[in-house]
Amino acid sequence: DGGITQSPKYLFRKEGQNVTLSCEQNLNHDAMYWYRQDPGQGLRLIYYSQIVNDFQKGDIAEGYSVSREKKESFPLTVTSAQKNPTAFYLCASSMDWGGADTQYFGPGTRLTVL
Amino acid sequence: KNQVEQSPQSLIILEGKNCTLQCNYTVSPFSNLRWYKQDTGRGPVSLTIMTFSENTKSNGRYTATLDADTKQSSLHITASQLSDSASYICVVSKAAGNKLTFGGGTRVLVKP
């Protein structure tokens, strides 16, 4: 998993709750990413951050929020506005932003709405 | 629309046999193509990366090919092992804007 940790591994959320997924990396990478994976579909980009204190919306940002206060950390909050949050969430990092550098993925967090 | 299509969706092979996975893409302009291996419930791990000028790349028993003219790539697994059971994801990077497009993956099951 390349020095990226995600916690928790499993997370259960009641409807109307906000939950925060943790992502930490010790690779000294500038760029970090959050993806959502649904069965049979390709990974979809939620948010990305090119550098500390900066982040940008991806393709499916609605109902999610992030922060990047430290280089090592990029937490994702799934808000009650996200209507279908049950999915497998993957955090990744790369030396620089974009497709030129390989992205290293964390082990993932499986979120289930009860 | 930039797309990455993988086939088959799933396949079952006997241990020791070879198999080939396909990836067709429409992403343009093209920058590079990666194959990732994802074990169940884990994050993807990079296997190979190929740029426009490369048409083959190996990583142990995994060999990827790229035909940039026809926009096709394949991943060949030689002498499969039980540990090869996983999903294999094709990822294409766009040159303009650095955007990645992920295929839906091929799920491989190796049986003894």
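One structure accompanies this document, and this report is about it. (Residues numbered from 1 in each chain as written. Chains lettered and ligands numbered in written order. Predicted model: local features only at pLDDT ≥ 70, side-chain atom pairs only at ≥ 80, totals over all residues. Heavy atoms only, no water.)

What follows deals with the overall build of chain B. The number of helices and strands found in chain B is zero helices and eleven strands. Counting from the amino terminus, chain B carries its helices and strands in the arrangement β-β-β-β-β-β-β-β-β-β-β. Over its C-alpha atoms chain B spans a radius of gyration of 13 Å, differing by no more than 12% from the 13 Å that the globule rule assigns to 112 residues. Judged by the C-alpha coordinates and their principal axes, chain B covers about 45 × 25 × 20 Å. Within chain B, the fraction of its 112 residues that count as buried is 43%. For chain B, restricting intrachain contacts to residue pairs at least 6 apart in sequence, the fraction spanning at least 24 positions comes to 56%. In the structure as shown, chain B presents an accessible area of about 5,400 Å², 50% of it carried by carbon and sulfur atoms. (Helix = DSSP H or I, 4+ residues; strand = E, 2+ residues; numbered from the N terminus. Rg over C-alpha atoms; globule rule 2.2 N^0.38 Å. Buried < 20%, exposed > 50% of the residue type's maximum accessible area, 1.4 Å probe, protein only. Contact = heavy atoms within 4.5 Å. Areas by Shrake-Rupley, 256 points an atom, 1.4 Å probe, with all protein chains shown as cover.)

A few words now on the layout of surface pockets. Unfilled space is identified by rolling a water-sized probe across the atoms. Here the largest pocket is characterised by a volume of approximately 1,100 Å³. Lining the largest pocket are 49 residues; nearest its centre among them are Q41, G42 and L43 of chain A together with F102 and G104 of chain B. Of the residues assigned to the lining of the largest pocket, the class counts are 15 nonpolar, 23 polar and eleven charged. (1 Å grid on protein atoms, 1.4 Å probe; cavity = no way out; pocket = protein on both sides within 12 Å on 5 of 7 lines; lining within 4 Å. Points joined across faces, edges and corners; volume = space filled by probe spheres on them. Nonpolar A, V, L, I, M, F, W, Y, C, P; charged D, E, K, R; others polar.)

With that settled, the discussion passes to the state of the cysteines. Residues and elements named next belong to chain A. Scanning the model with the defined rule gives two disulfides over all chains in all. At a sulfur-sulfur separation of 1.9 Å, the disulfide partner of C23 is C91. Since a negative S-S torsion denotes a left-handed disulfide, the C23-C91 link at about -70° is left-handed. Residue C23 is located in strand 3 (residues 19–25), and its partner C91 is located in strand 9 (residues 87–94); the two are separated by 68 residues in the primary sequence. A relative accessible area of 0% places C91 in the buried class. (Disulfide = S-S within 2.5 Å.)

Right, let's talk about the pattern of salt bridges for a bit. Residues and elements named next belong to chain A. Within this structure, the stated rule accounts for five salt bridges over all chains. One salt bridge connects K71 with D30, and the closest N-O pair in it is separated by 3.4 Å. Separated by 41 residues along the polypeptide, K71 in the loop between strand 7 (64–66) and strand 8 (76–78) and D30 in the loop between strand 3 and strand 4 (31–37) bring together distant segments of the chain. Between R36 and D38 there is a salt bridge, and its shortest N-O distance comes to 2.8 Å. Accessibility classification places R36 together with D38 in one group, the buried group. Sharing partners across several salt bridges, the network here consists of R36, D38 and R44. (Salt bridge = Lys/Arg side-chain N within 4 Å of Asp/Glu carboxyl O.)

Attention now moves to the nonpolar core. Inside soluble globular proteins, nonpolar side chains tend to come together where they are buried. With 25 residues, the main nonpolar core has L21, Y25, L33, W35, L75, Y88 and V92 of chain B as its most contacted residues. Counting residues per element, the ones that place at least two in this core are strand 2 (10–14), strand 3 (19–25), strand 4 (30–38), strand 5 (45–51), strand 7 (62–67), strand 8 (72–77), strand 9 (86–94) and strand 11 (106–111) of chain B. (Core = buried A, V, L, I, M, F, W, Y, C linked by side-chain atoms within 4.5 Å.)

Geometry of an aromatic ring pair is reported as the spacing of the ring centres plus the angle between the planes. Enumeration according to the criterion identifies eight aromatic pairs over all chains in this entry. Centroid distance Y64 of chain A to Y89 of chain A: 5.9 Å. Interplanar angle 65°. Geometry classified as edge-to-face. Residue Y64 of chain A is located in strand 7, and its partner Y89 of chain A is located in strand 9; the two are separated by 25 residues in the primary sequence. Per residue, the accessibility class of Y64 of chain A equals that of Y89 of chain A, and both read buried. Aromatic pair Y25 of chain B and F30 of chain B: ring centres 5.2 Å apart, planes at 25°, arrangement stacked. Since its relative accessible area comes to 4%, Y25 of chain B is described here as buried. Sitting over the face of the ring of Y62 of chain B, R61 of chain B holds its NZ or CZ atom 5.7 Å from the ring centroid. (Phe/Tyr/Trp six-rings, centres within 6.5 Å; stacked < 30°, edge-to-face > 60°. Lys NZ or Arg CZ within 6 Å of the ring centre and 35° of its normal.)

Remember, this is a structural readout, not a statement about activity or role.
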